[in-house]
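# Structural description and commentary
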Amino acid sequence: MSIEDLLKYFGTNATVGLDETSVQTIRKRYGKNELAKALPVPVWRKLLAQFQELVIWILIIAAIIAGVMGEWVDTVAILAIVVLNAMLGYFQEEKAGRALAALRAMSSPMARVLRSGATSMVPAGDLVPGDIIQLEAGDNVPADSRLIETFGVSAQEASLTGESMPVTKDASIDLAQNTGLADRSNSIFLGTVIASGKARAVVTATGMQSEIGRIAGMLRQDEYEPTPLQRRLAELGRILVVVCLVLVSGIFTIQYSRGGELMETMLVAVSLAVAAVPEGLPAVVTIALALGLQRMVKRNALIRRLPSVETLGSVTVICTDKTGTLTRNEMTVREVWTGDGHYLVSGAGYEPHGEFHLENPRRVVSPHEYPDLLKAITIAAICNSATIVPGQHSRSWQVIGDPTEGALLVMALKAGIDPAAIPRQVKLEIPFDSDRKAMSVILREQDRMVMYSKGAPEVILDKCTKELRQGQVTDLGDDRKREIQLKNSEMASRALRVLAFAYREEPNQHVGQFHETDLVFAGIAGMIDPPRDEVKKAVRECHIAGIRPVMITGDHPATALAIGRELEIATTDGRAVTGLEIDELSDEQLANQVEQIAIFARVSAAHKLRIVKAWKKRGQVVAMTGDGVNDAPAVKAADIGIAMGITGTDVTREAADMVLTDDNFTSIVSAVREGRGIFDNIQKFVHYLLACNAGEVMLMLAAAILGLPLPLLAIQILWINLVTDGLPALALAMEPPERDIMQRKPRPPRETVITWYRGCRILYHGSLICLSAFVGFWWVLNNDPANLDMARSVAFAIMAFSQLAFAMVCRSHRYTLPQLGLFSNYWLFVAFAASGLLQFGVLTIPFAQHVFDIVPVTPQIWLWVIGLSLVPATVIELAKIVFHLVRKIERK
C-alpha cells in the first residue's frame, strides 16, 4: 500500500496519531502486543508425566501381584522405588525450569508513541496497529511497522532473518506484494534493533500477528518427540514384558506339571518375575541423568528436559546458525590496505584490544609510525556516528549505532586513537545515503576546513583524484585505480565487507554546499563478523567424534562460505545452497541431497525447519543451535534443540531442550562428551542389572529343570536385588567417561540399549554368576534334604557377593581395572563396601538370619563362598587381558 492508503486503512494520522478511544477499540480487536504464552502445566500433570515409561508400569504391576500374593515387603519396596523415580524426575525438571525463567527479560519494554498529537513513552505491550511510533539508533523495534519517514536508518535484523549486516531502510520505497522478509526495506519488525538514524513509522502488526508471532505460531505445529533414550527404554521395557511372560508361564507349567501346589507354584513364578525385572533401573536411570545434568550446568549447559541429557550423546548432525553462534555477531576489521602497505589487525569483536601486523615482512607495527595507516584510521574514527561503551558483562563492549561504524571505532582504539579525545568542530555532516553509498563530515581544524569521507570503494575512488602514499599526496592515475579496485575485489572475495577512506583540505563549496570531489584516497579496510576463537577446535572435535556440523544462516552465501571454510565446516570446493534453491526442491529431493550440503545461506525459518526434517528423514539424530527467533521452529523440531542463554530470544529458549548459559559453541562439544559418557554409564549399569538378574533366573530355572529344590526364597531374591541393584548400579552411573569417548563414532540412531552382542554378553556373564552360585548350592546340598537350609544360605551369599565383585569389572567392557585406575571411581568402592557389609550382616546377625531363613555358615564354607564369588569377575578380567594381547599381535 501507499503510505496514504495505509494510514487511511488504520484510521490514523501521521502527525496526530490515534486518540485514546480508538486505541481501546483497536486493542479489543487485536489484543495486547505480546506473544501468546503456553498455559502453565498443573503439578499433577507434571508428576503424572513421570509415569509414562513402560518399565515403570511393569514395576507397578509386579507390586500389585506381589501384594495379592501377600508379599507386602516386595510391594512396598517396589512402589518406593517407583515413587522415588517420579519425584527425582519432577524436581530436576522443575529446577531447570526455574533456572530458565531467570534468563527471561523483555526485549522492548517501552515505546515512544504519538497519540492525540502528543508524544509519550508507553509499555510496548500497549501498542496497537495504527499507532505512530518514533525510533532512533539503539532502540528495540516494539512492533511490526511501516516506515513513514526515515533519516539514514538501518536496522539490525539478525535475530529475525539471520542477516549479520544492518539493513538500510527507506520509507519512500514501494515494494511488490510478494517481497521476501529480508528485502522489505520500507518496514521494520518486532524484535529487531535500529542500528542508525531516526524514523517515524505506523504500527501494522502486533503480538502473534507480527512476523515473530507467526514464527512462534509455527512452534505449535511440531509436538515434542520422545528422545532416543526414551525410545530405547520403551523397547527394553517391551522385551522385559515378553521375558517375564515367558518365564512365568514356563516355570508355572514345569512346576505345576510335576504336581506342585497351585499357590506355591504361583509364588515361585512371581518371585522369578520379580528377579527378571530390574526394579532399580528407572530410579538409577533418573539419578544418572540428574547427575549428568548437574555436571552439564558446571559446563554452562542448562538442560530443560531430563531425558535430553543423554540425547546429546546420540547426536550425529549439529545444524548450527552462523550469526552469534559460530561468530560473535560483532563486526571486526581484519585488514587495512593503504599506500604504504597491507596490514592485518588482530583481536575479535568489540573489545578494543589487538595489534597491527605489517603483512610483508610480517611483524607487529605501531600505526603512529606509518602516516598513511594513521590517516586512514583517523578518518574512520572521525567520519563516524557510532559510540562504543563497556557492556554489562565483564570484558564485553557494546556499540551504540551501526555495527560497521562500531568496528571502525574499535580499530581506532586498538591503534591508540580515542575518537572522543580528538578536538573537532563539526561544521556539516553529509549522512550516508543508499544511493550515494558514502558519508562525509566537514570539520573546522584550526583555521581551515577539512572533509573526511568513507563509503563503498568504487564510489569513493570515483571521487578521488589524488592518493596519500608514504605520507605524500600524489596523483591518482587510472593504473593505480585499477590496482586499488583489484585489491578491493580480492578482499571482497574473502567475504570481507570493504570500506574506503578519503579526505580533502578546503573542500569545494558551491552556493554554500560542500561537494565530495577531488578527494585524496587514504586506504581501504576489510571487516567481517569473525568466528569465535574457540569454535574451530570444537568443530574439529565434532569431525573426530563422527558428528557432522552444518551451517544454516540467513546471511549472504559468500560470507557464509568464507566462515564455513575458515572453521572447516565446508571444504575448499564446497558451495553454499540458498533458500531460493531449496524452494525449488521437494521434501523428498531435499532429503536425498542434504547429506552433500554443508552450508545453507539466505534461508528463512521455514527453510531451516525443512532442513532439520530432511536430516531426520535420513535417520540422523539432529541437534539445532540458534539464538534468533527465526531459529525457534527448527530448534523445536530437532531431536535436541540448543538455544543461547545470553543473546538468545525468549521464543528460542522456550523451544529448546538445552540452553547454553555462556553462548559458547564449545559448550556443545562438552555436553556431547557428557551425553556420551552418560549413555555409556546407562549401558554399563543396565548390563550389570540384567546380567545379575539373569544369573538369578538361570539359577532358579536350572534347579527347576533338574528337579532340585529352589536355591533361593522369594524374600532372598528381593534382598539380593535391593542390596546389589541399588548402590553399585548408582556408583556405575558416576563412572567418568572413558578417555577415547570422543574418538568413537556416534551410536547408530536406531541402536537399542541392549544390542545382540551386548545381549549375548549379558547372558554369558549371567551364566558365570549362575554357575558359581549353583556349584556352591549343589556342593553343599549333596543330595541330602537336611542340608537344604545351609545350601540356600551358601547360594544366597555367593549370588550377592559375586554380583558385587562383578560390578567392579562392569566399569568397562574393554579396559581392565588397572588400566582404568583402581580408585578413579571412588563411589564404586564405597558402594561395594556398604552393600558388602549389609549382606555380611544379614548372613551373621541372628535377627536377620531368622527373617531371611539363613543358617550360620562355617569358616571352611566361607572360604568356598569367597572363592566362588570371585570366579565371574576373574574370568571376565582375564578375557579382557587376552583380548588386548590378541589385538596387539594383530597390529604387529
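Below or above, wherever it landed, is the structure these notes cover. (Residues numbered from 1 in each chain as written. Predicted model: local features only at pLDDT ≥ 70, side-chain atom pairs only at ≥ 80, totals over all residues. Heavy atoms only, no water.)

### A short note on the overall build of the protein
Here is the rule: Strands are runs of DSSP state E lasting at least 2 residues, helices are runs of H or I lasting at least 4, and numbering of each runs from the N terminus. When accessible area is computed with a 1.4 Å probe and restricted to protein chains, residues below 20% of their type maximum are described as buried, those above 50% as exposed, and intermediate ones as partly exposed. Contacts: residue pairs with any heavy atoms within 4.5 Å of one another. Only the protein chains shown count as covering a residue, and every accessible area follows the Shrake-Rupley method with a 1.4 Å probe.
Secondary structure summary: the protein contains 32 helices and 30 strands in total. Evaluated residue by residue, the protein yields a buried proportion of 55% over its 892 residues. Relative to all contacts within the protein whose residues are 6 or more apart in sequence, the contacts with residues 24 or more apart total 70%. When the accessible surface of the protein is totalled, it reaches about 38700 Å², and 59% of it is carbon and sulfur.

### Some remarks on helix 30 (residues 826–844)
Just so we agree on the cut-off: Expected helix span is computed as 1.5 Å times (number of residues minus one).
Compared with the 27 Å implied by 1.5 Å per residue over 19 residues, the 27 Å span of helix 30 between its first and last C-alpha is a close match. Within the span of helix 30, buried status applies to Leu828, Ala831, Ser835, Gly836, Gln839, Gly841, Val842 and Leu843.

### Remarks on a nonpolar patch on the surface
As a reminder of what qualifies: Residues enter a patch when their relative accessible area is above 30% and they make no salt bridge; the linking distance is 9 Å between like charges and 5 Å between nonpolar side chains (Val, Leu, Ile, Met, Phe, Trp, Tyr). Here, a salt bridge means any Lys or Arg side-chain nitrogen found within 4 Å of an Asp or Glu carboxyl oxygen.
Taken together, Tyr764, Val871 and Val875 make up a surface patch of nonpolar side chains, about 210 Å² in accessible area. Checked against the element boundaries, Val871 lands in helix 32 (residues 859–891). On the basis of relative accessible area, Val871 is assigned to the partly exposed category, the value being 36%.

### A few points about the packing of helix 24 (residues 666–706) against helix 28 (residues 788–809)
Heads up, the rule is: The axes are straight lines fitted to the C-alpha atoms, using for helices just the contacting stretch, and the angles between their N-to-C directions are given from 0 to 180°. Relative orientations are named as follows: roughly parallel for angles under 35 degrees, roughly antiparallel for angles over 145 degrees, roughly perpendicular for angles from 65 to 115 degrees, and oblique for any other angle. A clockwise turn of the near helix away from the far one marks a right-handed crossing, whereas an anticlockwise turn of less than a right angle marks a left-handed crossing.
Between helix 24 and helix 28, the least distance of the axes is 10 Å, while the angle of their chain directions is 155 degrees. Between helix 24 and helix 28, the interaxial angle falls into the category roughly antiparallel. Crossing hand, helix 24 versus helix 28: right-handed. Judged by residue contacts, His687, Tyr688, Ala691, Cys692, Gly695, Glu696 and Leu699 of helix 24 engage Met799, Gln803, Leu804, Phe806 and Ala807 from helix 28.

### What to know about the packing of helix 24 against helix 27 (residues 756–781)
Between helix 24 and helix 27, the shortest axis-to-axis distance is 7 Å and the interhelical angle comes to 50 degrees. Compared by their axis directions, helix 24 and helix 27 come out oblique. Between helix 24 and helix 27 lies a crossing of right-handed hand. Across the interface between the two elements, Gln683, His687, Leu690, Ala691, Cys692, Ala694, Gly695, Met698, Leu699, Ala702 and Leu706 of helix 24 pack against Arg758, Arg761, Ile762, Leu763, His765, Gly766, Ser767, Ile769, Cys770, Ala773 and Phe774 of helix 27.

### Section: the pattern of salt bridges
Opposite charge on two side chains allows them to pair when their charged atoms are near. Taken as a whole and judged by the stated rule, the model has 35 salt bridges. The residue Arg200 makes a salt bridge to Glu149 at a minimum N-O spacing of 3.1 Å. Taken together, the positions of Arg200 in strand 7 (residues 193–205) and Glu149 in strand 4 (residues 144–156) put the pair 51 residues apart, joining distant regions of the chain. Take Glu149: its relative accessible area is 30%, and that puts it in the partly exposed class.

### Some details on the pairing of strand 2 (residues 118–123)
Cut-off, in case you're wondering: The criterion for strand pairing is that DSSP finds at least two bridges linking the strands in question.
The pairing of strand 1 (residues 110–115) with strand 2 spans 6 bridges and is antiparallel. Considered in strand 2, the bridge of Arg112 is made with Met121.

### Focus on the side chain of Ser869
Mapping Ser869 onto the fold places it in helix 32. Ignoring sequence-local partners within four residues, the contact set of Ser869 consists of Ala797, Ile798, Phe801, Ser802 and Ala805.

### Details of helix 32
Spelled out, the test is: Fitting one axis to the seven residues ending at a residue and another to the seven starting there, the bend at that residue is the angle between the two axes.
When the terminal C-alpha atoms of helix 32 are compared, their 48 Å separation across 33 residues agrees well with the 48 Å that a helix rising 1.5 Å per residue should span. Taken as a whole, helix 32 carries its principal kink of about 35 degrees at Val871; the proline Pro872 stands between one and four residues after it. Every buried residue of helix 32 is listed here: Ile861, Trp862, Val865, Leu868, Ser869, Pro872, Ala873, Ile876, Glu877 and Lys880. On the buried face of helix 32, the contacting elements are helix 27, helix 28, helix 29 (817–820) and helix 30.

### Quick notes on the packing of aromatic side chains
Note the cut-off: Aromatic rings from Phe, Tyr and Trp, taking only the six-membered ring of Trp, are treated as a pair when their centres fall within 6.5 Å; an angle between ring planes under 30 degrees marks them as stacked, one over 60 as edge-to-face, and anything in between as tilted. The criterion for a charge sitting over a ring is simple: Lys NZ or Arg CZ within 6 Å of the ring centre, and within 35 degrees of the ring normal.
All chains considered together, the criterion is met by 8 aromatic pairs. Geometrically, the ring pair formed by Tyr343 and Tyr370 is edge-to-face, given 5.7 Å between the ring centres and 70 degrees between the ring planes. Of the two residues, Tyr343 is situated in strand 11 (residues 341–345) and Tyr370 in the loop between strand 13 (363–365) and helix 13 (371–382); the sequence distance between them amounts to 27 residues. Like Tyr343, the residue Tyr370 is buried in the burial classification. Among the aromatic residues, those joined into a cluster by ring pairs are Phe801, Phe840 and Trp862. Positioned above the aromatic ring of Tyr503, the side-chain terminus of Lys375 is 4.4 Å from the ring centre. For Arg739, the ring lying beneath its charged end belongs to Tyr815, and the centroid distance is 4.6 Å.

### Remarks on the nonpolar core
Note the following rule: Definition used in this section: a nonpolar core is a set of buried Ala, Val, Leu, Ile, Met, Phe, Trp, Tyr and Cys residues joined via side-chain atoms within 4.5 Å.
Core analysis: the largest hydrophobic core is formed by 136 residues, its most contacted members being Leu312, Phe521, Ile599, Phe685, Tyr688, Leu712 and Phe806. If we skip the residues at most four places from it in the chain, Leu712 touches Leu699, Met700, Ile717, Ile720, Arg792, Ala795, Phe796 and Met799. If you look at the next biggest cluster of nonpolar residues, it comprises 37 residues, including Ala412, Met439, Val450 and Leu468.

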